[in-house]
Amino acid sequence: MDHKQAISIHAAEGYLLGDLTAAERNGFEEHFFDCDACFSDVRDGATVVAGVRAEATPAPVRGGQHRFFPRFAVAASIAVALLSCTVGYQAFELAKLREPRLVPVHQMPRDQRGAKEDEVIADGRAPFILDFDITLDPASAPFICKIADSRGKTHGDPVSVTAAQARYPVDLQVPGGLLAPGDYSLIVTGTGGSVPEKRFKVR
Amino acid sequence: MYRYPFDAEYLRRLREGDPVTVEHFVTYFTEKLTIKLWKRGFSRAAMDDIVQETFKRVLEKLRSPNGIQSPESFGAFVFGVCNNYVFEQYREMARQDQLDDDAFDLPSADPGIEQMLLLGERAAKVRRTLTLMKPKEREILVAIFMEQQGKDEVCARHGVTRTYLRVVLHRAIARFRYFYTNGKG
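Read on for an overview of the structure. The shown structure was predicted, so the numbers you read here are calculated from the model rather than taken from an experiment. (Residues numbered from 1 in each chain as written. Chains lettered and ligands numbered in written order. Predicted model: local features only at pLDDT ≥ 70, side-chain atom pairs only at ≥ 80, totals over all residues.)

Between chain A and chain B, the contact holds 38 residues from the first and 45 residues from the second. Put simply, the parts of the chain that give the side of chain A that touches chain B at least two residues each are helix 2 (11-17), helix 3 (22-32) and helix 4 (36-55) of chain A. (Contact = placed C-beta atoms within 7 Å. Helix = DSSP H or I, 4+ residues; strand = E, 2+ residues; numbered from the N terminus.)

Structural data, given as structure tokens:
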């Protein structure tokens, strides 16, 4: 296979998809051993494939059910990770994320005013997701989302959400063990103000 | 097309064990051999064995009386040596009833290889790429590479052709490169 043919049939992509015939596969492999441009296509494509697998995290269907599906493929949902500050903990959390598991999603009330207090109760020993809408004016983005305890102390690193991301429900992933049992607030602040705190309990 | 300029001088230095040339040879071909073998579904241990044996056979040929006749095709020669050894392994696996052609379709899920591919900034750029993809195209890649659904089934469900799958992956690669090389995202 020559270079022109490899480009015309998207051979690198076909190779990674397993769509080439045996002859095409052998011909393309022989070609990319000599062609850095085509090998770069393969390597970068393999990186994207690895990224697809690495990013897939089980998440539950709304309403308490659980199923496995990639978090970024959830319709109109952006996941943001709330991680501890230490590199060591982050490395552990990233490694754990590669393992198939179920993560409960807790939907925060859209408007905390008048809502029943302590409606959301999460098990802090295991990872969980807080799902909420940002109803602030998009012009006041970026929005800073943070979790504070009843004394006002922030836990984990605040997360920044862009206006584009805030068009969809935000999924904030909280690592297991980060929050001790107690009362917490999810605080979302934009440049022009903040929404009422969304309270939740950790047991 | 960019072809590394292997020539007689390069092969002479390699044959004589010049450290810089040897390091280049090992680095240059280890990546290519690893991707090729990852695609074929070999375990890490088997990959390491094949890479080492390939290098050993290439250097033996280099130092033989006939040497390598076409320096400019050195890459294809290394590929051929690897392929021959891989086929020897296939024949051995077939004898042990371990060979499954279907296993050599999509790249195997190898955490070690995937970690290598996602080193440093690359992981963040891939994440950015996937976040900004059209939902339909992202779903297609997830269905094929993560959930390992049949490609015909995925095409039928999304109303696309098999050729379109290559276009989807091509777009993802282009977007990833844009973020990675421009330092954006």
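Moving on: unusual backbone geometry. Even without being a glycine, H10 of chain A presents a positive backbone phi close to 50°. Turning to its location among the elements, H10 of chain A is positioned in the loop between helix 1 (3-8) and helix 2. The class for H10 of chain A is buried, based on 21 C-beta atoms found within 10 Å. If you check the backbone angles, Q148 of chain B has positive phi at about 55° while not being a glycine. One can find Q148 of chain B in the loop between helix 7 (135-146) and helix 8 (151-158). (Buried ≥ 20, exposed ≤ 12 C-beta atoms within 10 Å, placed from the backbone.)

Our focus in this paragraph is the environment of H155 of chain A. Tracing the chain through its elements places H155 of chain A in strand 6 (residues 154-161). Along the chain, H155 of chain A and L178 of chain A lie 23 residues apart, while their C-alpha atoms are 7.5 Å from each other.

So, on to the nonpolar core. In terms of nonpolar packing, the biggest core is built from 57 residues, with L16, V42 and V48 of chain A together with V78, L141, L169 and A172 of chain B touching the most fellow members. Top element by residues in this core is helix 4 of chain A. It accounts for 9 residues. If you look at the next biggest cluster of nonpolar residues, it comprises 24 residues, including V105, M108, Y184 and V188 of chain A. (Core = buried A, V, L, I, M, F, W, Y, C linked by C-beta atoms within 7 Å.)

By themselves, these figures tell us nothing about what the structure is for.
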